[in-house]
Each structure stands twice: as C-alpha cells, then as structure tokens.
Amino acid sequence: MSDTFVLSPALDAEISEAAELLLRASRVVALTGAGLSVESGIPPFRGPGGLWTKYGEPPMDGYQRFLADPAEAWRERLNPTASWAKGLIETLGQAKPNLGHEAMVGLEEIGVLRATITQNVDDLHRQAGSQSLLEIHGNHAMLRCMECHQRFDPAEVEVDPDALPPHCKLCRGIVKGDTVQFGEPIPPDVLRACYAAVQGCDCMLVVGTSATVYPAAEFPLEVLRGGGSLIEVNPYESELTPVASVSLRGPGGAILERLLHHARARQPYEATG
Ligand SMILES: [Zn+2]
C-alpha cells in the first residue's frame with residue numbers, strides 16, 4: 001500500500017502541523033493498535049480477510065480453560081491443533097516490522113516520543129527496537145508468571161513436556177503465555193505503568209486504533225481531560241477523529257515516516273532526551 005501511496009501537499013501540510021504539535025508537547029505518548037501491523041502482513045482479526053474469519057475464532061473462555069487445566073493448555077501450546085492457533089502462529093511468525101514501527105523508534109531516538117502503549121501482541125515494536133514499550137495485551141513471543149507477573153523470554157523457562165505446566169524460577173508460580181487471553185485481567189504492573197505514562201502526557205499519538213476497547217479507550221480521553229491534544233494516524237475515520245487536533249488519513253508506514261522527517265527538520269537542537 002505504501003509503495004503506491006502518493007502524499008498530497010495538503011496531507012503533508014497536516015503532517016507538518018502534527019510534527020509541530022509533537023515538538024511543542026512536553027510529554028508525548030503513543031497508543032498503537034492492529035492497524036499499524038496490517039502493513040506487516042497481519043490482517044485484523046475480524047471482518048473480510050480477517051484472521052479469525054479465515055481460521056475460526058479462538059475460544060472466548062481461553063483464560064478459564066487455562067486456569068481449569070494449565071497442563072492441557074500447555075500441551076495445546078506446544079503442539080497446537082486448533083486451526084486458529086496454527087494460523088496465528090504462522091502469521092505472526094512471518095511478520096516483520098514496517099516503516100511505521102521504525103519511524104516510531106526514530107521519534108523515540110530524537111527524544112520526542114517518551115513511551116509507546118500497544119494493544120498488539122505481535123512483538124513488532126520490540127523487533128523494531130522500541131525501548132520504552134508497554135504491551136498492554138502482552139506479547140505472543142514471551143511468557144509470564146501468573147503470581148509475580150515477571151515476564152520471561154521462552155529460553156529462560158525450562159519446559160518439561162512430562163511435567164507441565166512450567167513454574168516460575170523466582171516464585172514457583174505457574175507460567176503461562178504472556179498474551180492476555182479472553183477473560184484474563186490485564187497484568188496489574190503493566191496497567192499501572194500505562195496510567196502513569198498517560199498521566200503526564202500532553203500529546204498522544206494514536207496509531208491504527210479507534211481505541212474503543214477498555215482500558216485503552218480510557219487513555220486518549222484522559223489526555224483530553226488533562227488539556228492535552230491527540231494526533232490520529234488511521235486510514236479510516238474513527239470515534240477519535242472529531243476530538244483529535246490532527247487526523248492523518250493514510251497508511252501508517254508512509255505517514256509516520258514523513259512525521260519523523262518533519263520532526264527531525266523542525267528540531268532546533270541535535271541533542272536528544
Ligand atoms: Zn513468579
């Protein structure tokens with residue numbers, strides 16, 4: 001999509017205006033969602049061409065099932081049989097960060113972007129190199145202790161197929177996949193960190209999400225209540241469009257790359273942070 005996308009002068013002027021807002025703000029936080037990863041080959045979950053339209057929906061009681069039989073849930077994780085699970089693993093395994101993820105790392109590097117809250121579990125912000133990242137729905141490539149909430153790289157956890165589920169090396173709690181499943185509460189430490197990031201935020205860059213799902217839906221509203229502004233990057237109009245200071249319509253990759261360009265050009269100093 002971004003290969004054929006032509007930036008109109010009108011849109012470029014809006015992107016320039018957004019860059020000005022970013023530089024004027026004292027604390028910019030980004031909120032990202034599924035729309036950012038579409039250009040990485042990850043379709044949305046629902047709708048035409050959606051992952052779950054294609055492979056079938058995961059059970060809505062996934063977390064309850066895990067609690068009822070963690071060993072069985074782990075056997076399914078190690079040797080998935082459900083087509084939605086196989087489809088998800090294959091799709092996420094092939095995905096690579098796109099220009100949008102990379103531009104957000106650039107905004108972080110020049111000291112403009114302080115933190116990124118993502119609803120995506122696809123690991124692409126991390127692969128791109130984002131440093132200050134809050135994965136509110138977890139990360140499919142990581143594991144987490146259900147007791148102490150410590151997150152682990154899978155290589156750090158000993159998984160014995162004959163003694164499932166694996167246990168936390170710190171507190172002996174049961175370890176599960178880090179992705180927050182249907183019915184599972186968001187880990188309290190991540191949620192607290194998100195609210196702390198949003199509290200001091202006076203400009204939120206909302207990318208690829210209409211932020212209608214709680215708790216992410218709260219974050220842009222909280223910024224507005226505090227007198228801050230919103231910049232929206234989304235191919236489609238959303239619930240946030242009427243309240244955003246600038247709404248940038250188009251593919252996230254091309255727009256964010258241009259936003260980084262304008263931010264760099266307007267930055268008065270070389271120094272970052
Ligand atoms: Zn633990």
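Look a little higher up for the structure.
None of these values were measured; they are calculated from a predicted model. (Residues numbered from 1 in each chain as written. Predicted model: local features only at pLDDT ≥ 70, side-chain atom pairs only at ≥ 80, totals over all residues.)

Concerning the pairing of strand E8 (residues 229–233)
Right, on to step 1. Here E8 lies mainly inside the structure; 5 of its 5 residues are buried.
Right, on to step 2. Residues of E8 alternate between two faces, with Ser229, Ile231 and Val233 on one and Leu230 and Glu232 on the opposite face, all of them buried.
Right, on to step 3. Handedness of the crossover is the feature at issue here: the chain leaves strand E7 (residues 203–207), passes through helix H9 (residues 218–225), returns alongside E8, and the resulting connection is right-handed.
Right, on to step 4. Bridging between E8 and strand E9 (residues 246–248) involves 3 bridges; their strand directions are parallel. Note that in E9 the partner of isoleucine 231 across the bridge is valine 246. (Buried ≥ 20, exposed ≤ 12 C-beta atoms within 10 Å, placed from the backbone. Helix = DSSP H or I, 4+ residues; strand = E, 2+ residues; numbered from the N terminus. Right-handed = clockwise from strand over helix to strand, strands pointing away. Pairing = 2+ DSSP bridges.)

Thoughts on the sheet that holds strand E2 (residues 113–118)
Right, on to step 1. Taking strand neighbours across the sheet as the criterion, the 6 strands line up as E3-E2-E1-E7-E8-E9 in an open arrangement whose pairing is parallel. Bordering the open sheet on either side are strand E3 (133–135) and E9, each of which pairs with just one other strand. Strand-to-strand, the axes of this sheet are offset by a mean angle of 15°, without reference to chain direction.
Right, on to step 2. As paired elements, E2 and E3 share 3 bridges and run parallel to each other. Residue threonine 116 lies in a different strand from E3, and its bridge partner there is leucine 133.
Right, on to step 3. On the sheet, helix H6 (residues 99–109) packs against strand E1 (28–32), E2 and E7 and is oriented at approximately 145° with respect to E2. (Axes fitted to C-alpha atoms, helices over the stretch in contact; angles between N-to-C directions. Contact = placed C-beta atoms within 7 Å.)

Focus: the nonpolar core
Right, on to step 1. Core analysis: the biggest nonpolar cluster contains 45 residues, and Val29, Ile117, Met204, Val206, Phe219 and Leu259 have the highest contact counts within it.
Right, on to step 2. With 6 residues, helix H10 (residues 252–266) is the largest single contributor of residues to this core.
Right, on to step 3. The contact partners of isoleucine 117, leaving out residues within four places of it in the chain, are Val29, Ala30, Leu31, Leu134, Ile136, Cys194, Ala197 and Phe219. (Core = buried A, V, L, I, M, F, W, Y, C linked by C-beta atoms within 7 Å.)

A word on the sheet that holds strand E4 (residues 143–145)
Right, on to step 1. What the 3 strands build is an open sheet, ordered E5-E4-E6; its pairing is antiparallel. What marks the edges here is a single partner per strand, and that holds for strand E5 (151–152) and strand E6 (175–177).

Topic: the environment of glutamine 181
Right, on to step 1. On the secondary structure map, glutamine 181 appears in the loop between E6 and helix H8 (188–199).
Right, on to step 2. Separated by 44 residues in the primary sequence, glutamine 181 and histidine 137 have C-alpha atoms spaced 8.1 Å apart.
Right, on to step 3. Every residue in contact with glutamine 181, bar those within four places of it in the chain, is listed here: Gly62, Tyr63 and Phe66.

Focus: unusual backbone geometry
Right, on to step 1. Proline 165 follows leucine 164 through a cis peptide bond whose omega is -5°.
Right, on to step 2. Residue position: proline 165 is located in the loop between E5 and E6.
Right, on to step 3. Tyrosine 214 connects to proline 215 through a cis peptide bond whose omega is 5°.
Right, on to step 4. Here proline 215 shows up in the loop between E7 and H9.

Purely spatial values, then, with no claim about function.
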